[in-house]
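Okay, here's what each chain looks like letter by letter:
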Amino acid sequence: MNKGAISQFIEKYYLHFNAAALVDAAKDYEKQLEKGNKMLVSLAGAMSTAELGKIFAEMIRQDKVQIISCTGANLEEDVMNLVAHSHYKRVPNYRDLTPKEEWELLEGGLNRVTDTCIPEEEAFRRIQEHIYKIWKEADDKGERYLPHEYLYKLLLSGVLEEYYEIDLKDSWMYAAAEKNLPIIVPGWEDSTLGNIFASYVIKGELKASTMKSGIEYMTFLADWYTENANTGIGFFQIGGGIAGDFPICVVPMLYQDLERTDTPFWSYFCQISDSTTSYGSYSGAVPNEKITWGKLDIDTPKHIIESDATIVAPLIFAYLLDM
């Protein structure tokens, strides 16, 4: 397929430094897919609140990502944007806010993420009523699911349809739910829904065991990686943190701890990050450091794009979608 205007633009003008790294990473991602390799995409930061779903959902629909690792915040915030978009408040002058002005946002039920405020009542509480019923039903039946599986049930049930405020095709979570795409959500407990679930456990209304744990995410990922690594699995990391740290470790775990020495390394690696290398900074570590940890091979295509992921990721996805 011929490349579209955006792809042609970056190929013509993105020739050096981080711009060239962006193009190289996009082309190597494309080569992975052409080989029949699968790709894991990890989402850190607040990429869902940044409305990455507008393009990431299409990546999912076109089978250009086969598994996702994301923070609990990114998991829930795509759904929150789906049901409460008109109530979000943008604060372009967020750098100038005083503590008093920040307090006023809190009192107004607006939780700020950089320049965007998430409306607590319309976003969190609108979902809470319905997700609790799904948690409770599983709890009563003695059933257990992973955090993302409960949200899949919520989205596919249709109970949120009356609240939709954006085009459904712009929700990456809905696109993932339709495909039942595997998602890894390490550290889900520190998300808003994780906190809400914990509150029900404290009140004795739900059992903690009704929610499957991070260890169960790791064992699921180990099985998935083993089943799919015959051709190769690439790793495309947006930002840093646990969304990337957790899943990339599955390879050395399989190789070293389970002694499955035929386990292939990740077949591709790219990270978009503005973190700098410092004392013990994993997010800022150069990709070659991962060779020493048994995650990447000597010949694994490795890219690091030191830039803003909200700018870079949509451009790479646009290239892959022939836009």
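Residues numbered from 1 in each chain as written. Predicted model: local features only at pLDDT ≥ 70, side-chain atom pairs only at ≥ 80, totals over all residues. Heavy atoms only, no water.

1. A look at the sheet that holds strand E5 (residues 116-119)
Hydrogen bonds between backbone atoms are what pair the strands of a sheet, whose relative direction is either parallel or antiparallel. The three strands lie next to each other as E3-E5-E4, forming an open sheet whose pairing is antiparallel. Pairing within the sheet leaves two strands with one partner each, and these edge strands are strand E3 (89-90) and strand E4 (110-113). Pairing analysis gives four bridges linking E4 to E5, with the strands arranged antiparallel. Looking across to E5, one finds that asparagine 111 is bridged to isoleucine 118. Seen against the sheet, helix H6 (residues 120-141) touches E4 and E5 and runs at an angle of roughly 50° to E5. (Pairing = 2+ DSSP bridges. Helix = DSSP H or I, 4+ residues; strand = E, 2+ residues; numbered from the N terminus. Contact = heavy atoms within 4.5 Å. Axes fitted to C-alpha atoms, helices over the stretch in contact; angles between N-to-C directions.)

2. Here we look at the packing of helix H4 (residues 72-84) against helix H7 (residues 147-157)
Axis separation between H4 and H7 bottoms out at 10 Å; the angle between their running directions is 15°. On the basis of the axis angle, H4 is roughly parallel to H7. In terms of crossing hand, the pair formed by H4 and H7 is left-handed. Contact residues: H4 offers Leu75, Glu76, Val79 and Leu82, while H7 offers Pro147, His148, Leu151 and Leu155. Split into classes, the residues belonging to the contact of H4 with H7 amount to six nonpolar, one polar and one charged. (Parallel < 35°, antiparallel > 145°, perpendicular 65-115°, else oblique. Left-handed = near helix turned anticlockwise from the far one by under 90°. Nonpolar A, V, L, I, M, F, W, Y, C, P; charged D, E, K, R; others polar.)

3. So, the nonpolar core
Of all hydrophobic cores here, the largest spans 97 residues; its most connected members are Phe56, Trp135, Trp172, Phe236, Ile238, Ile316 and Phe317. Among the elements that make up this core, the one with the highest residue count is helix H13 (residues 309-320) (nine residues). Beyond its immediate sequence surroundings of up to four residues, isoleucine 316 is in contact with Leu22, Ala25, Ala26, Phe236, Ile272 and Ile305. Core analysis: the next-biggest nonpolar cluster, separate from the first, contains six residues, Tyr94, Leu105, Leu110 and Cys117 among them. (Core = buried A, V, L, I, M, F, W, Y, C linked by side-chain atoms within 4.5 Å. Buried < 20%, exposed > 50% of the residue type's maximum accessible area, 1.4 Å probe, protein only.)

4. Details of the side chain of serine 191
Following the sequence through the fold, serine 191 ends up in the loop between strand E6 (183-184) and helix H9 (192-202). On the basis of relative accessible area, serine 191 is assigned to the buried category, the value being 2%.

5. Regarding the packing of H6 against H7
Following both chains from N to C, one finds H6 and H7 inclined at 115°, their axes separated by 10 Å at the closest point. Our pair here, H6 against H7, has a crossing hand that is right-handed. Touching Ile127, His130, Ile131, Ile134, Trp135 and Ala138 of H6 are Tyr150, Leu151, Lys153 and Leu154, all from H7.

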